[in-house]
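Examining the three-dimensional arrangement
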Amino acid sequence: MTHPAKHIAGMAPYALSKFDIPNGKRLISLSQNESMRAPSPMINDAIDRMINNGALYPDPEWTDLRSALAEVHGIDADAILCGTGSLDLIGRIAHVFAGPTRSILAPEHAYPFFRSAAEMSGARFDTAPEKNAVVDADTLLQNVRPDTGIIFIANPANPTGTRIPKRELQRLRKNLRDDILLVIDEAYGEFADHLDEPTFDMVSENTAVLRTLSKAYGMAGYRVGWGVFAPTIRAELQKVMNPNNIAYLSQVAAVAAITDQAYMRETCERTAEMAAAATHELSTVGFKVYESFTNFILIDLKTADHAISAETMLLSEGVVLRSQAGAGLPHCLRMTLGQQEDVSFAIEILKKWKQENPDA
Ligand SMILES: Cc1ncc(COP(=O)(O)O)c(C=O)c1O
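The text that follows walks through the structure, step by step, so that each part is easy to find. (Residues numbered from 1 in each chain as written. Predicted model: local features only at pLDDT ≥ 70, side-chain atom pairs only at ≥ 80, totals over all residues. Heavy atoms only, no water.)

**Re the overall build of the protein**
As a reminder of what qualifies: Numbering goes from the N terminus for both helices and strands, where a helix is a DSSP run of H or I of at least four residues and a strand is a run of E of at least two. Radius of gyration here is computed from C-alpha atoms only, and the compact-globule reference equals 2.2 Å multiplied by the residue count raised to the power 0.38. Note on exposure labels: buried denotes an accessible area under 20% of the residue type's maximum, exposed denotes more than 50%, and partly exposed covers the range between, all computed with a 1.4 Å probe on protein chains only. Note on contacts: a residue pair qualifies if any of its non-hydrogen atoms lie within 4.5 Å across the two residues. Calculation of accessible area relied on Shrake-Rupley with a 1.4 Å probe; when residues are assessed, cover is drawn exclusively from the protein chains displayed.
When helices and strands are tallied, the protein shows 13 helices and 13 strands. At 20 Å, the protein has a C-alpha radius of gyration in line with the 21 Å of a compact globule built from 360 residues. Taken over 360 residues, the protein has a buried fraction of 54%. Sequence separation of at least 24 residues holds for 73% of the intrachain contacts in the protein that already meet a minimum separation of 6. Counting only carbon and sulfur atoms, one obtains 52% of the accessible surface of the protein, whose full area is about 16400 Å².

**Re the site of the ligand**
Basically, it comes down to this: If even one non-hydrogen atom of a residue comes within 4 Å of a molecule or strand, that residue is called near it. Between N or O atoms, a polar contact is any pair within 3.5 Å; within protein, one atom must be a potential hydrogen donor and the other a potential acceptor, and residues adjacent in sequence are included only when both atoms are from side chains. Each residue is assigned to one class: nonpolar for Ala, Val, Leu, Ile, Met, Phe, Trp, Tyr, Cys and Pro, charged for Asp, Glu, Lys and Arg, and polar for all the others, Gly among them.
Surveying the vicinity of the ligand reveals 14 residues, the closest of which are Ser86, Asn158, Asp185, Thr212 and Ser214. Leu87 places a main-chain nitrogen or oxygen 3.0 Å from an oxygen atom of the ligand. Within the side chain of Tyr188, a nitrogen or oxygen atom sits 2.7 Å from an oxygen atom of the ligand. Protein burial of the ligand: of its 400 Å² of free accessible surface, 93% is covered by the chains. With 3 residues, helix α4 (residues 86-97) is the largest single contributor of residues to the shell around the ligand. Grouping the amino acids of the shell around the ligand by side-chain chemistry returns 6 nonpolar, 5 polar and 3 charged.

**Some details on the environment of Asp78**
Within the fold, Asp78 resides in the loop between α3 (63-73) and β2 (80-83). Apart from residues lying up to four places away in sequence, Asp78 is in contact with Arg66 and Arg234.

**Observations regarding the packing of helix α11 (residues 261-284) against helix α13 (residues 340-356)**
Quick reminder of the rule: Fitting a line to C-alpha atoms yields each axis, with helices limited to the stretch in contact; the angle taken between N-to-C directions then spans 0 to 180 degrees. In what follows, roughly perpendicular refers to angles from 65 to 115 degrees, roughly parallel to angles under 35, roughly antiparallel to angles over 145, and oblique to any angle outside these ranges. Should the near helix be turned counterclockwise from the far one by less than a right angle, the crossing is left-handed, whereas a clockwise turn marks it as right-handed.
One can describe the packing of α11 onto α13 by two numbers: an axis separation of 11 Å at closest approach and a directional angle of 15 degrees. Here α13 runs roughly parallel to α11, going by the angle between their axes. Crossing hand, α11 versus α13: right-handed. Along its contact with α11, which presents Met274, Ala278, Glu281 and Leu282, the element α13 presents Gln340, Val343, Ile347, Glu348, Leu350 and Lys351.

**Some remarks on the nonpolar core**
As a rule of thumb, soluble globular proteins bury nonpolar side chains together. What counts here: The criterion is simple. A nonpolar core is a set of buried Ala, Val, Leu, Ile, Met, Phe, Trp, Tyr and Cys residues joined through side-chain atoms within 4.5 Å. How far each domain reaches was decided by an automatic or database domain assignment.
In this structure, Leu65, Ile93, Ile104, Phe114, Ile150 and Trp226 are the most contacted members of the largest nonpolar core, which totals 80 residues. Ranked by residues supplied to this core, first place goes to helix α10 (residues 248-259) with 7 residues. Here this core spans two domains, since at least three of its residues come from each of domain 1 (25-38 + 262-354) and domain 2 (42-259). When neighbours within four sequence positions are excluded, Phe114 is seen to be in contact with Ile90, Ala106, Phe125, Phe152, Ile153, Ala154 and Asp185.

**A word on the packing of helix α2 (residues 42-50) against α10**
Each pair of packed helices can be summarised by the angle the axes make with each other and by the distance between the axes. At a minimum axis separation of 8 Å, α2 and α10 run at an interaxial angle of 145 degrees. Note that α2 runs across α10; the crossing there is right-handed. Residue-level inspection shows Met42, Ile43, Ala46, Ile47 and Met50 of α2 in contact with α10, the latter providing Tyr248, Leu249, Val252, Ala253, Ala256, Ala257 and Thr259. Each residue belonging to the contact of α2 with α10 can be placed in one class, and the counts come to 11 nonpolar, 1 polar and no charged.

What follows is the structure in structure tokens.
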């Protein structure tokens, strides 16, 4: 029998949401932070026009995709690398810049895939404590170890939904050892673009910024992520990236979606309105809801037992929210701000649960 590498044998597979709902119930998934609406209709025309051209491998250099991104963000197209979702880039970064002799640091309630990426690369995963679901530069700096190779920080963060200002990231970078790669994961960046200056000008030989089309552009199913990197980082990452990684139609669709900035911005505005309304409704009946700068909200049910009980009631009606035990928040449930009717239905069930559990 063959054996896997020791660090792979010891790791658990990445836990996606469980969709085991009762027979006969419609599955309502509010668990994966997918968009409240379909992507821009402009992608339909683009796909229709190009549908017969798929016999050849896709552009391995994502030329049109990089130009569209560069134009919209005022950055250099040559600095961009694209992945099959930003997950792909996170994994490659860990592979190249961490590995068995190094560790990866992230905030206490970080996106769980950062841990998976560390484990896949054989690196130890360390965390820095958060206060009220927010991390700060000083705490991260205090938790740097001699073998720290990478700091991953999602901003805005998942699953907390909270954010830190750019000046805090700059302070972190300024006080961090030069050999540590700081990766700012802006998967939800578009939802907070209006609140701060872009961070692309922080990109350097030891700082990278990641984004995705999965969230604000509503294109999770197309698997398109991208990052901005210095040439030295890019050269190393390209060695471990699979050639022709993003499917041809995904590239075509992504270019069309990026061109339709007005549609994406409207999605962000509608999402913010839904976040405010859902937060208000849940807070009014006594739930603690964290302030969110993303397309989901984090609901604090005080104890893990309460979270399990509310999750069970939701599941009995076909509604899947994401329990956050994996991110060190077993007392919280995260609700994606998906279709309005689904979100309203989930809120009604949570209100019913609250009535039955008034002390919670
Ligand atoms: C913080 C964060 N980073 C990255 C991703 C990965 O997104 P994708 O691979 O779809 O681009 C997610 C997805 O939920 C996320 O929440």
